[in-house]
Amino acid sequence: MPRSSVLHIRALDSVFRLKTHDERMQEELQRLWRHCLVAPCEVGEALRFSVGLADGVWTVRGQQPLGAAHDVASAVLMLATHINAVAVRQCLGLAMHAGSIASGGAVLALAADSGVGKSTLTGACLARGWEYVSDEALVLGRDGVVVPYVKPLTLSAASRAVLGVSPGDGDERLVSVEDLGGRVASTPLHLSEVVFLSRQQSDGNDPHLVPLHTSEVLTGLLALSFNAYQRPLEGVELLADVAVRCRVWSLRYGDAHSAARLLTERFHAGQDAAPLSSG
Amino acid sequence: MDRHVIGPPVVGARAVEIDGRISVYSPSTQDLVSLNETASDVWRLCDGEHPLEQIVELLASSYGGTAESIVEQVAGTVEDLVSLGLLPGPRED
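Rules and cut-offs
- Residues numbered from 1 in each chain as written.
- Chains lettered and ligands numbered in written order.
- Predicted model: local features only at pLDDT ≥ 70, side-chain atom pairs only at ≥ 80, totals over all residues.
- Heavy atoms only, no water.
- Contact = heavy atoms within 4.5 Å.
- Buried area = accessible area lost by both parts, 1.4 Å probe.
- Salt bridge = Lys/Arg side-chain N within 4 Å of Asp/Glu carboxyl O.
- Polar contact = N/O pair within 3.5 Å; in protein donor to acceptor, adjacent residues only side chain to side chain.
- Nonpolar A, V, L, I, M, F, W, Y, C, P; charged D, E, K, R; others polar.
- Pairing = 2+ DSSP bridges.
- Helix = DSSP H or I, 4+ residues; strand = E, 2+ residues; numbered from the N terminus.
- Axes fitted to C-alpha atoms, helices over the stretch in contact; angles between N-to-C directions.
- Buried < 20%, exposed > 50% of the residue type's maximum accessible area, 1.4 Å probe, protein only.
- Parallel < 35°, antiparallel > 145°, perpendicular 65-115°, else oblique.
- Left-handed = near helix turned anticlockwise from the far one by under 90°.

Visitor: Would you explain the interface of chain B and chain A in this entry?
Guide: Tallying the contact residues gives eleven residues for chain B and 14 residues for chain A. Taken together, the two surfaces of chain B and chain A that pack against each other cover about 1,100 Å², and 70% of this comes from carbon and sulfur. Across the contact surface, chain B and chain A share two salt bridges. Among the salt bridges present, the one from Glu216(A) reaches Arg21(B), with a minimum N-O distance of 3.9 Å. Where chain B touches chain A, the interface holds three residue pairs in polar contact (both at pLDDT 80 or more). Classifying every residue of the side of chain B that touches chain A by side-chain character gives four nonpolar, three polar and four charged.

Visitor: For this particular structure, what's the right way to read the sheet that holds strand 3 (residues 47-54) of chain A?
Guide: What links the strands of a sheet is backbone hydrogen bonding, and the strands pair in either a parallel or an antiparallel sense. Residue and element names in this part refer to chain A. Spatial strand order, 1-2-3-4-5: five strands in an open sheet with mixed pairing. Of all the strands in the sheet, the pair left with one neighbour each is strand 1 (5-11) and strand 5 (65-69). Taking each pair of neighbouring strands and ignoring which way they run, the sheet shows an average axis angle of 20°. In this fold helix 2 (residues 72-90) packs onto strand 1, strand 2 (14-20), strand 3, strand 4 (57-61) and strand 5, with an angle of close to 160° to the strand it touches most, strand 2.

Visitor: Help me understand the pattern of salt bridges, please; the structure alone is not making it clear to me.
Guide: Once their charged atoms are close, side chains differing in charge can pair, the charge on each being opposite to the other. Applying the stated criterion across every chain, the model contains 15 salt bridges over all chains. For Glu234(A), the salt bridge goes to Arg142(A), with nearest N and O atoms at 3.4 Å. Separated by 92 residues along the polypeptide, Glu234(A) in helix 6 (residues 232-243) and Arg142(A) in the loop between strand 9 (137-140) and strand 10 (153-155) bring together distant segments of the chain. Accessibility expressed as a relative area gives 36% for Glu234(A), which makes it partly exposed. Accessibility expressed as a relative area gives 58% for Arg142(A), which makes it exposed. With a shortest N-O distance of 3.3 Å, Arg21(B) and Glu37(B) are connected by a salt bridge.

Visitor: For this particular structure, what's the right way to read the side chain of Asn227(A)?
Guide: Residue and element names in this part refer to chain A. Mapped onto the elements, Asn-227 comes out in the loop between helix 5 (216-223) and helix 6. Relative accessible area serves as the criterion here: at 2%, Asn-227 is assigned to the buried category. Separated by 3.5 Å, the side chain of Asn-227 and the backbone oxygen of Cys-91 make a polar contact. At a separation of 3.0 Å, a polar atom in the side chain of Asn-227 contacts the main-chain amide nitrogen of Ala-95. With sequence-adjacent residues up to four places away left out, Asn-227 is seen in contact with Val-88, Cys-91, Gly-93, Leu-94 and Ala-95.

Visitor: Looking at this model, I keep getting lost on the packing of helix 5 of chain A against helix 6 of chain A. Mind explaining?
Guide: To describe two helices that pack against each other, one gives the angle between their axes and the distance between the axes. Residues and elements named next belong to chain A. Where helix 5 meets helix 6, the closest approach of the two axes is 9 Å, and the angle between their N-to-C directions is 135°. With respect to their mutual orientation, helix 5 and helix 6 come out oblique. Crossing handedness for the pair helix 5 and helix 6: right-handed. On helix 6, the residues touching Val-217, Leu-218, Leu-221 and Leu-222 of helix 5 are Gly-235, Val-236, Leu-239, Ala-240 and Ala-243. In terms of residue class, the contact of helix 5 with helix 6 is made up of eight nonpolar, one polar and no charged.

Structure below.
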């Protein structure tokens, strides 16, 4: 009888209890979620998930079966998808679709809908010295500070090829920040720059970074929010408080590495170009 | 010229101003409407104290132009704000 192992991870304001009997699965979960692991003594109420292997098929369960997979990578991705959905839905702050990177405590948000390329650009920026905050969500606490959400990055096969990480098989896979040569940002973090992303075929004129009026952050980020519908007026007021300390940009780009180079030259604290705005 | 007083904003409308531009949250649609600088100027005067005629004159004076040159734009902006549910319809002064 295999010995079961239990991990606890904290993702935003939710804690998850992950149980598995398989050592490979345990190691992979620990590796990918290492920055979110919490000790059992720190855990109050936890949402329970399990990943089991039977007859060569992995089964992911919450309170009920959530799906099946034929390899470890697919199973951990399935589990992460469910964890993420719960984490952003239940978070107490304001969560918005945006990759988030930091330099010297100042956060640059890469805001865009799913599929635009947030995670790829986030990964490309990590390779240039930015620190990791999230590839999925910019989360503002009620006090306006940025809450890190250091989940493993979700990258398609094409994105992994662009970033030069082991492509593996299948389409989407989870990749740790360390796999990309990056490191996790230290807190406290404040929002400094908001960049709305627009992907296009490279035409020789990109990447193209254009300043926007600061008020654009209100409508732009609210439209990308996971949970503003729960407390819309509170979201407006929180963003208005934060926006006055931000600069807002539109970035049109085709190649993630070129865009990352431009963002680094313009905004990274180690660069000589435009200084980061202070919070 | 119309002597109806414009505004005040509907109950629950919440305006926030950032760098001279106002965004208004509509309680009825739960949408946020962002106004440009000119519409923001109009909004500030839609406080239930001024009829359209006076709003036009105040803005014309502020912009250094004539009331005739901006009256249509201002009236159109007020109509838009009413149709967006941010201002009540006109009422008698």
